[in-house]
Amino acid sequence: MAGDIDYLEPQGMAAPGGHYSHAVRAGAFVFLYPDNCRSPPMVRGLLTRTFRPRCVRHWPISRRRLEAANSAVDKLIHVRVYVTDINDWPVFDKLYSEWIGAVRPARAVVPVPTLHYGFRVEIEAVAGVVQ
Amino acid sequence: MAGDIDYLEPQGMAAPGGHYSHAVRAGAFVFLYPDNCRSPPMVRGLLTRTFRPRCVRHWPISRRRLEAANSAVDKLIHVRVYVTDINDWPVFDKLYSEWIGAVRPARAVVPVPTLHYGFRVEIEAVAGVVQ
Amino acid sequence: MAGDIDYLEPQGMAAPGGHYSHAVRAGAFVFLYPDNCRSPPMVRGLLTRTFRPRCVRHWPISRRRLEAANSAVDKLIHVRVYVTDINDWPVFDKLYSEWIGAVRPARAVVPVPTLHYGFRVEIEAVAGVVQ
């Protein structure tokens, strides 16, 4: 490994709700995972009733999470998006593009039958470390 | 990062149908994602009615995509295969082995309730860069 | 690539049940995937009827798999857990924490409608190479 593995607990984030780290740095990569709904969501657009309000409210927090992990939005390499309704794809794509701006990570949208806590969208990501 | 992050738009591919890149190079890795059905599928065996015809027709395109991203089939590290019917596993495995040849990337087959545009199979991949 | 891509077939493991490798090393990373149920499960807690007995029985095998791939449990970077019933989350999290100990890789829990061979849990992982 070009550098060790660091299990990160970014400052200002609530403790993980299970046995995991909010982010892990391995070499020049950072692996970022959604935490549970009791703590500020990272790169997660989630909603229970209406899609837009929850996305708009929660996505900006992910910038802070990325920065706390020594990364940044423009270092995102790929994102994997879990959706409970593939019909949310167009509105998700629009909100996502507004949030992320000019950066275009590779992206997979994966339909799932349900998500924890009734979320409708979860996003996990791999990003590069800011040099 | 051993090298920057490059958001790739391989020549000869249709523009992405959403806010994403067809492929992203990060250091010595390339992250490859299925694009939508309006553009030539990459490493994606997809079908609407019959499994075999669509797999056979579309998979060879992925070689071109890999090469356009400065990678190759024999540089594939792992693939993640989303299937809407786990009973497709045996025929998928057979078609996949015919397509990929002697190379044996790590592989996860993930059942999903549905896929965008009615696809029955989607494949995402991480590959190495050709030196 | 800092080092070549190695398609690993760790000693003492049954041959893969499909066209894939048990583990692939790429640079300083190892990509580990569940094999099928005819061979010893790797990092896979699987069960057909009762959750706990199968998890307890199978997870220790993954240590051997990791070591055979020149990695180790404390080199795990992230795991992706597929579950057929999100209500298994609390018991899974407890068993997982007992198994993995102090290490806290990033982790995504992904609900799926079903898994091959009637499994209720599958785990795939990315780990670092032991130097």
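In this text the structure is predicted, and so the values were computed from the model without any measurement. (Residues numbered from 1 in each chain as written. Chains lettered and ligands numbered in written order. Predicted model: local features only at pLDDT ≥ 70, side-chain atom pairs only at ≥ 80, totals over all residues. Heavy atoms only, no water.)

**Student:** Whenever I open this one, the relation of the copies chain C and chain B confuses me. Can you help?
**Tutor:** Both copies of the chain are placed relative to one another by a rotation about an axis and a shift along it. Each copy superposes on the other: chain C lies on chain B with an RMSD of 0.0 Å after a rotation of 120 degrees and an axial shift of 0.0 Å. Expressed as a symmetry operation, the mapping of one chain copy onto the other fits a three-fold axis. Interface overlap between copies is the fraction of interface residues in one copy that are interface residues in the other; for chain C against chain B it is only 17%, indicating separate surfaces. (Least-squares fit on C-alpha atoms with pLDDT ≥ 70 in both. Contact = heavy atoms within 4.5 Å.)

**Student:** What is the right way to look at helix H2 (residues 89–100) of chain B in this model?
**Tutor:** Note that an α-helix has 3.6 residues per turn; residues three or four places apart therefore point the same way. All names here are of chain B. The end-to-end C-alpha distance of H2, which contains 12 residues, comes to 16 Å, matching closely the 16 Å that a straight helix rising 1.5 Å per residue would cover. Three or more residues of H2 are buried, namely Trp89, Phe92, Asp93, Leu95, Tyr96, Trp99 and Ile100. Just downstream of H2, Gly101 is the residue with a positive phi angle, here 75 degrees. (Helix = DSSP H or I, 4+ residues; strand = E, 2+ residues; numbered from the N terminus. Expected span 1.5 Å × (residues − 1). Buried < 20%, exposed > 50% of the residue type's maximum accessible area, 1.4 Å probe, protein only.)

**Student:** What exactly am I supposed to notice about the environment of Pro113 of chain A here?
**Tutor:** If you trace the backbone, Pro113 of chain A turns up in the loop between strand E5 (106–111) and strand E6 (121–128). Sequence separation between Pro113 of chain A and Leu8 of chain A is 105 residues, and the spatial gap between their C-alpha atoms is 30 Å. Setting aside its immediate chain neighbours within four residues, Pro113 of chain A contacts Pro113 of chain B together with Pro111, Val112 and Pro113 of chain C.

**Student:** Before we go on, may I ask you to explain the pairing of strand E6 (residues 121–128) of chain B in this structure?
**Tutor:** Regular strands place their side chains on alternate faces of the sheet. Residues and elements named next belong to chain B. Among the 8 residues that make up E6, 8 are buried, leaving the element largely enclosed by the rest of the structure. The side-chain alternation of E6 yields two buried faces, one formed by Val121, Ile123, Ala125 and Ala127 and the other by Glu122, Glu124, Val126 and Gly128. Judged from the 4 bridges that link them, strand E3 (residues 29–32) and E6 form a sheet pairing that is antiparallel. In the strand pairing of E6, Phe31 is matched with Val126. Here strand E4 (residues 76–83) pairs with E6 via 7 bridges, running antiparallel. Within E6, the position partnered with Val81 by the bridge is Ile123. (Pairing = 2+ DSSP bridges.)

**Student:** When you look at the packing of aromatic side chains in this model, what are you seeing that I'm missing?
**Tutor:** Each pair of aromatic rings is reported with the distance of its centres and the angle of its planes. Taken as a whole and judged by the stated rule, the model has 12 aromatic pairs over all chains. Their ring planes at 55 degrees and their centres at 6.5 Å tell us that Phe31 of chain A and Phe29 of chain C sit as a pair that is tilted. With Phe31 of chain A in strand E3 (residues 29–32) and Phe29 of chain C in strand E3 (residues 29–32), this residue pair bridges two chains. Classification of Phe31 of chain A by relative accessible area gives buried; the value is 7%. Linked through ring pairs, Phe29 and Phe31 of chain A, Phe29 and Phe31 of chain B together with Phe29 and Phe31 of chain C together constitute an aromatic cluster. Against the face of Tyr96 of chain A rests Arg107 of chain A, its NZ or CZ located 5.1 Å from the ring centre. (Phe/Tyr/Trp six-rings, centres within 6.5 Å; stacked < 30°, edge-to-face > 60°. Lys NZ or Arg CZ within 6 Å of the ring centre and 35° of its normal.)

**Student:** Hey, could you run me through the interface of chain A and chain C in this one?
**Tutor:** Much of the literature gives interface size as the accessible area that the parts lose upon coming together. The interface is formed by 22 residues belonging to chain A together with 28 residues belonging to chain C. Taken together, both faces of the contact between chain A and chain C bury some 2200 Å²; the carbon and sulfur share is 65%. The interface formed by chain A and chain C contains 1 salt bridge. For Glu124 of chain A, the salt bridge identified is with Arg80 of chain C, shortest N-O distance 2.5 Å. Taken together, the elements giving at least two residues each to the side of chain A that touches chain C come down to strand E1 (5–8), strand E2 (23–26), E3 and strand E4 (76–83) of chain A. (Buried area = accessible area lost by both parts, 1.4 Å probe. Salt bridge = Lys/Arg side-chain N within 4 Å of Asp/Glu carboxyl O.)

**Student:** What is the right way to look at the interface of chain C and chain B in this model?
**Tutor:** Each partner contributes to the interface: chain C provides 24 residues, whereas chain B provides 28 residues. For the chain C and chain B pair, buried surface summed over both sides reaches about 2200 Å², with 64% attributable to carbon and sulfur atoms. Linking chain C with chain B are 1 salt bridge, by the criterion used here. The set of elements that each furnish at least two residues to the side of chain C that touches chain B consists of strand E1 (5–8), strand E2 (23–26), E3 and strand E4 (76–83) of chain C.

**Student:** Please explain the sheet that holds strand E2 (residues 23–26) of chain B as it appears in this structure.
**Tutor:** Strands pair in a sheet through their backbones, by hydrogen bonds, and they do so in one of two ways: parallel or antiparallel. Residues and elements named next belong to chain B. Taken in spatial order, the 6 strands line up as E1-E2-E3-E6-E4-E5 in an open sheet, and their pairing is mixed. Two strands in the sheet have a free side with no partner beyond their single neighbour: strand E1 (5–8) and strand E5 (106–111). Taking each pair of neighbouring strands and ignoring which way they run, the sheet shows an average axis angle of 15 degrees. In this structure, E4 lies alongside E5, joined through 6 bridges in parallel fashion. Looking at E5, one finds that Val79 is bridged to Arg107. (Axes fitted to C-alpha atoms, helices over the stretch in contact; angles between N-to-C directions.)

**Student:** I tried to follow the relation of the copies chain A and chain C on my own but got confused; where do I start?
**Tutor:** Mapping chain A onto chain C calls for a rotation angle of 120 degrees and an axial translation of 0.0 Å; the resulting RMSD is 0.0 Å. Taken as a fraction of all interface residues of chain A, those also at the interface in chain C reach only 18%, which identifies the copy contact as different-surface.

**Student:** How should the pattern of salt bridges be read in this particular structure?
**Tutor:** As a working rule, side chains carrying opposite charge can pair if their charged atoms are close by. Tallied over the full model, the rule gives 15 salt bridges over all chains. Where Arg25 of chain B meets Asp6 of chain B, a salt bridge forms, and the shortest distance between an N and an O atom there is 2.6 Å. With Arg25 of chain B in strand E2 and Asp6 of chain B in strand E1, this residue pair connects regions lying 19 residues apart in the sequence. Residue Asp93 of chain C is joined to Arg107 of chain C by a salt bridge in which the shortest nitrogen-to-oxygen separation is 2.8 Å. Within this pair, whereas Asp93 of chain C is found in helix H2 (residues 89–100), its partner Arg107 of chain C is found in strand E5 (residues 106–111), the two being separated by 14 residues in sequence. Look at Asp93 of chain C and you get buried, because its relative accessible area is 12%. You can call Arg107 of chain C buried: its relative accessible area is 3%. What you see here is one network of salt bridges that share partners, running through Arg80 and Glu124 of chain A, Arg80 and Glu124 of chain B together with Arg80 and Glu124 of chain C.

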